[in-house]
Amino acid sequence: MQASAGRPMPRVSDRGAARWIRLAWQLRVPICGALLTGVMVVAALGAPYLAPHDPLQQEITARLRPPAWMEGGSPTHLLGTDALGRDLLSRIVYGARVSLTAGVLAVVVSGIIGVGLGLLGGYFGGRADAVVNGAVSIMMAFPFMLLALTAIAVAGPSFRNIVIVLGVTTWPIYTRVVRAETLVIREREFVLAARALGGGAGRIMLRHILPNLASTLLVLGSLEVARMIILESFLSFLGLGVPPPTPSWGGMLGEGRIHMLSKWWIATFPGLAIFLATLGITFVGDGLRDLLDPRLKDSLLGREAAGQG
Amino acid sequence: MTGYVLQRLLQALLVCLGISVITFVMLHVAGDPAQLLVPMEASREDVELLRRQLGLDRPLPVRYLIFLGGILTGNFGRSFFSQDPALGLVLDRLPATLELALAGLGLALVVAIPLGSLAALKRGTLWDRGTTALAVGGQAMPAFWLGLMLIIVFSVKLRLLPVSGRDSPAHLVLPAATLASFLLPVLMRLTRSQMIEILGQDYIRTARAKGVGMAALIFRHALRNAWIPIVTVVGLQFGRLLGGTIVTETVFAWPGAANLAVRAIRNLDYPVVQTVVILLAFSIVVVNLLTDLVVARLDPRVRLQ
Amino acid sequence: MRRGTLNLAIGIALALLTGTAVAEPRGRITVAIDSDVQSLDPMAVSDRFTQAVLWHVFDSLLYRDPQKGTLLPGLARSWRAVNPTTWELKLHEGVRFHTGEPASAEAAKFSLERMAGPKVPRRYEVGSVARVEVVDPLTVRVVTKRADPILLESLVNVQIVPPRYLREVGEERFGRAPSGTGPYRVTEWVKGQRLILEANQDHWRGSKPVPAIKTVLLRPIPEKATQIAELLSGGVDMIINVPPDQIPVITASGRARVTTAATLRTSFLQLNVSRAGSPALQNPKVRQAINHAIDGDAIHKNLMGGLGHRTGSINPFQFGYDPAVRPYPYDPARARQLLREAGYAGGLELRLVSYSGTMVNPELAAQAIADYLTKVGIRVKHRHVEDLALLAKIWLGAQDVDLMYASWASRGIFDADAIMRPLFGSGERYAYVADPQIHKWLDEARFSMDAAARKVIYSRILRHIHDQAHWVPLYTSFVTYGVSNRIHYEAPTDENLRLFDVTWRERP
């Protein structure tokens, strides 16, 4: 039922080039996603080589220049310049670093917290489980954005604080998934056997239970990266993100907002970057899900239901 | 049922307590309100005096109990800036936020359920792919960006709808549309998958075989069964909806509690911030509780879990 | 007898009304404001915008001509100096507050004394006043501690409140539902949402004209982009402080116009020389290097749209301004050389603070300044604050700051003292430079009634500050109003909104 609800799995009986073309066509969405994501990763890693200009270099006599193809634009600044005459393309390329690293690191932080708590609750059950469940309920009741905004306003906006705040406020998703799965897995034969052989709880959780959750977590984590990128951009948009002059997409969108009616490109290109990056990562996540764990479809709806962002 | 209700009530109460602890720790341990409250020319003694007056010199647990007592008696302190009682300020703004949240939710449901159902019925067609693409695209679209676009197109270029404020029903349209974009993708996908599942079930096939019309089939049979999960998800999404009001109220200058909160956060006006956080969190708890109870009443299996 | 005079006054007013074809106030406009007013009690407010709004509800003893900046009669119809420390002011007859109470000498005395209260944020306006005497119901004398050449300018900022009504309703209620003598009265105030002013039909006809607009709705809209969209879509009729980059957008829309005027506000970079700033700043060569490093002309032209005036000292509008004191020329090579001579060939690091306030594009300008300094080898740690409490802490405490990008509006006073004293005076809270020579000269100029002598002293001070490079003067500010085509409004030369000067261009 689930498989039919999604894209049909590639048939293995085909042969030769035709088979590969067919496969590629069937996987066109995840492939597009992988390409988009790849472009972003390359931009983030190779920013110093790819960016045509220093993203911080100002030239206030050449400010608010339109993109190259518009009247008054020049090939020196392909996407034009911002209010301080900084090259927009270079800032977007460097902005990929902030968005991508913030997204990935926040997911790592929240994943470690969430998975850890989920394993503990699911494996030990009883009181530990009750505590974990309570913590999840409390976190889920907070208006997430408000919590994050307040925490950052109190702690001061910086890259480190953003990663911490995003991580610390978004972990319940992992806990819910991991706890539910652990409850099931801990009763399976191989776990019972390991326990009978005198394996410690920590060892069993890490060696036997966690590997069984790997594909689920990979899918969930990749989709969460996309969500974190949007959240980070919104914090920056409100002026509570990575402080300037460091280029970040959300911050650029916020700065360009005032020019929306005339110099539309200043806010449009960073907005587009956020959109494409999020889309690419979501496609990859969806593709991974279909490949690794089609069963996840329903629980992912649960994930979306749990999302607070 | 009574046992379940009691259990859920107790749970909700504990959650509220937890919320108050976290809010307290975040605002009272991380920042020093006395430093912010004193006039610029105040001496060190003035600051100490104020700390005593505010009870900031007492041990943390005692301060927490005082804070909790304040919440229970409706005393949330006064705004650092306007000196008005914080609770009054927030309560004045809450109706606007709830109005926006309900409008956004309503709009999302009205669009998502028909689109999702249609996608399920015409599974695999261009129509299905189109709505799925819309859902995926909608999820990747930053809502603040969407809000700005709506303003440019519908207010500035077409002059059809007002930009900001809350004077007439027309003022609600663009903010509600922006807010709905937070829920629309999720609800659309959910409706689609639920409908697919239900349409595949025997009694629907039987009904179809008996020649029951498609419309009747959907409205009388399928939707009736699909709406339990939809209610559950809407309940769970309430927090996300309120989170979305922050974005929406900022872009449209909607005079609601989230707008107030953003300004208070920027000014470090702690009493107002904590009042908004706690009231919104409590309302999320209440909504979740109510959905659980409604679902439990509809679906006996839940109670036995 | 009194009644006769009143009738006569009404007769004249009516004649004026019919003669100049001033019609009844009519229609309604909406004005977007950045943030709500603080309070409606003039003695409880400190921010300049709230004060400007209160001009509509209250009157002061004196009024300033919005275009020329000269003093005009307010509630006082005439004034004279009895001796160097005593001013005598004669009040208009028959003026009443909205609640019916007469605006008498007693009310003036009450207001001036209330203004001096220990909790009043702007008590400095009457800081030089020793006592206020009521001579008769329409005559009041203000006695100052020493001769005060700018007392009358300060009195423009002191609004007269009704003593009886205030005592009746109490301070808190007065702050929400005030009564004044102004051309508008407050009919509704929902904090953070709207403030509604209604034309005062019984307004006495003083220097403020009869309003043409019957109802004014002031609506807080925090985002400038939203304000502009509102103006262009017809949702509001006026927005205040249009960023220069957006002026062409509004002009090109065909739906609204922009009116602009240079103001008294002056922008500059303060150098923390004497209050725990970087030790490097104690070296005049470093300060001169900073002056040479920043291209003030380019910032003024590009980020300020060339509006306002470039200045090498204070505002050209102010008494005491000396055009001979020019800005340091932009010369990065010279700046680098000066830094080398001062022993900072390896560069140095300075902390720059800027804030969102009444300035134009403050964050952009500060970022540009940081960039210019970086180019000559000064590493800049720039921090932009939005939060007022934090700003006050940094600015007044001179904490963690070497360079402060700030501006000063001189409280609307067209005299050098109003900017030189707060920034360079002895014991002043905003002063980052303590130079005994300047302190001495400032005092000489402050208490002299000889205008020519004062001018000479101020020239000397400005030249001294320039040579010492005690600050980086940049440019003077300007106001811009985006105005819908329904109404007519000319930007005044101060920052004070004057909605009673708005007239209809078309029938509402």
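Rules used in this analysis
Residues numbered from 1 in each chain as written. Chains lettered and ligands numbered in written order. Predicted model: local features only at pLDDT ≥ 70, side-chain atom pairs only at ≥ 80, totals over all residues. Heavy atoms only, no water. Helix = DSSP H or I, 4+ residues; strand = E, 2+ residues; numbered from the N terminus. Buried < 20%, exposed > 50% of the residue type's maximum accessible area, 1.4 Å probe, protein only. Contact = heavy atoms within 4.5 Å. Areas by Shrake-Rupley, 256 points an atom, 1.4 Å probe, with all protein chains shown as cover. Lys, Arg positive; Asp, Glu negative; His and termini not counted. Charge placed at Lys NZ, Arg CZ, Asp CG, Glu CD. Pairing = 2+ DSSP bridges. Axes fitted to C-alpha atoms, helices over the stretch in contact; angles between N-to-C directions. Left-handed = near helix turned anticlockwise from the far one by under 90°. Nonpolar A, V, L, I, M, F, W, Y, C, P; charged D, E, K, R; others polar. Buried area = accessible area lost by both parts, 1.4 Å probe. Salt bridge = Lys/Arg side-chain N within 4 Å of Asp/Glu carboxyl O. Polar contact = N/O pair within 3.5 Å; in protein donor to acceptor, adjacent residues only side chain to side chain. pLDDT = per-residue confidence, 0-100. Bend = angle between axes of the 7 residues up to and from the residue.

Chemist: Outline the overall build of chain B, supporting the account with residue identities and numerical values.
Modeler: The helix and strand tally for chain B stands at 13 helices and zero strands. Reading chain B from its N end, one meets helices and strands in the order α-α-α-α-α-α-α-α-α-α-α-α-α. Across its three principal directions, the C-alpha atoms of chain B cover 85 × 60 × 30 Å. The buried share of chain B, reckoned over its 305 residues, is 53%. Contacts spanning at least 24 positions in sequence make up 75% of the contacts within chain B whose residues lie at least 6 apart. Just so you have it, chain B exposes about 13,900 Å², and 66% of that area is on carbon and sulfur atoms. Charge-centre separation for chain B: the mean point of 27 positive side chains lies 16 Å from the mean point of 17 negative side chains.

Chemist: Pulling in residues and values, what's your account of unusual backbone geometry?
Modeler: A cis amide bond links A:P244 with the next residue in sequence, A:P245, at an omega value of 10 degrees. In this structure, A:P245 sits in the loop between α10 (201–237) and α11 (249–256). Of note, C:N241 is a non-glycine position whose phi angle comes to about 65 degrees, a positive value. Summarising the element assignment, C:N241 is placed in the loop between β11 (238–240) and α7 (247–253). In this structure, C:A469 takes a positive phi of about 50 degrees despite not being glycine. Mapped onto the secondary structure, C:A469 falls in the loop between α15 (451–468) and β16 (471–484).

Chemist: Summarise the sheet that holds strand β7 (residues 139–144) of chain C; cite the residues concerned and give the values.
Modeler: Strand pairing in a sheet is mediated by backbone hydrogen bonds. Such pairs are either parallel or antiparallel. Residues and elements named next belong to chain C. One open sheet holds the four strands; their spatial order is β4-β5-β7-β6, and the pairing between them is antiparallel. This sheet does not close on itself; its edge strands, each paired only once, are β4 (76–83) and β6 (129–136). Ignoring which end each strand starts from, the neighbouring axes of this sheet average 20 degrees apart. With respect to the sheet, helix α3 (residues 105–115) is in contact with β5 (86–91), β6 and β7, its orientation differing from that of β6 by roughly 170 degrees.

Chemist: Please set out the environment of C:I413 residue by residue, giving values where relevant.
Modeler: Residues and elements named next belong to chain C. On the secondary structure map, I413 appears in the loop between β15 (403–408) and α13 (417–424). Taking the C-alpha atoms as reference, I413 lies 9.6 Å from D494; in sequence the two are 81 residues apart. Those residues in contact with I413 that sit more than four places away from it in its chain are R64, I150, E153, S154, L264, Q318 and A418.

Chemist: Let's hear about the packing of helix α11 (residues 257–266) of chain B against helix α12 (residues 270–298) of chain B: which residues, and what values?
Modeler: Residue and element names in this part refer to chain B. For the pair α11 and α12, interaxial distance at closest approach is 8 Å and the crossing angle is 145 degrees. Read as a crossing pair, α11 and α12 show a hand that is left-handed. Within the contact between the two elements, α11 uses A257, L260, A261, A264 and I265 and α12 uses V272, V273 and V276. Of the residues in the contact of α11 with α12, the class split is eight nonpolar, no polar and no charged.

Chemist: Explain the interface of chain A and chain B to me, using residue names and the numbers behind them.
Modeler: Each partner contributes residues to the interface: chain A has 44 residues there, and chain B has 53 residues. For the pair chain A and chain B, the summed buried area comes to about 4,300 Å², and 76% of that belongs to carbon and sulfur atoms. Connecting chain A to chain B are one salt bridge. Linking chain A with chain B are zero residue pairs in polar contact (both at pLDDT 80 or more), by the criterion used here.

Chemist: If you had to explain the interface of chain A and chain C to someone new, which residues and values would you point to?
Modeler: Tallying the contact residues gives 15 residues for chain A and 21 residues for chain C. Contact between chain A and chain C buries roughly 1,500 Å² in total, counting both sides, with carbon and sulfur atoms accounting for 56%. Counting the surface chain A buries against chain C, the share from its top three residues, A:Q58, A:I60 and A:I258, is 36%. Counting across the interface, chain A meets chain C through two salt bridges. Ionic pairing is found between A:R257 and C:E223, a salt bridge with its closest N-O pair at 3.4 Å. The tally of links between chain A and chain C comes to eight residue pairs in polar contact (both at pLDDT 80 or more). Classifying every residue of the side of chain A that touches chain C by side-chain character gives eight nonpolar, four polar and three charged.

Chemist: Which residues make up the confidence of the model for chain C, and what values go with them?
Modeler: Residue and element names in this part refer to chain C. Taken over all residues, the pLDDT of chain C has a mean of 89, while the share at 70 or more is 94%. pLDDT under 50 marks residues 1–21. Its contacts with residues more than four places away, or in other chains, come to seven contacts. Overall fold confidence (pTM) sits at 0.83, and the ipTM for the predicted complex is 0.80.

Chemist: If you had to explain helix α8 (residues 170–199) of chain B to someone new, which residues and values would you point to?
Modeler: Maximum bend of α8(B): about 45 degrees, positioned at B:L183, with proline B:P185 one to four residues after it. Of all 30 residues that make up α8(B), 25 are buried, and the element is covered over most of its length.

Chemist: An account of the pattern of salt bridges is needed here, citing residue identities and associated values.
Modeler: All told, the structure shown has 40 salt bridges over all chains when counted by the stated rule. Between A:E224 and A:R227 there is a salt bridge; the shortest N-O distance is 3.1 Å. On the criterion of helical spacing, the pair formed by A:E224 and A:R227 is a turn pair, its members being three residues apart in helix α10. Residue A:R227 is classed as buried on the basis of its relative accessible area, which comes to 15%. Note that C:D417 is salt-bridged to C:R446, the shortest N-O span being 3.2 Å.

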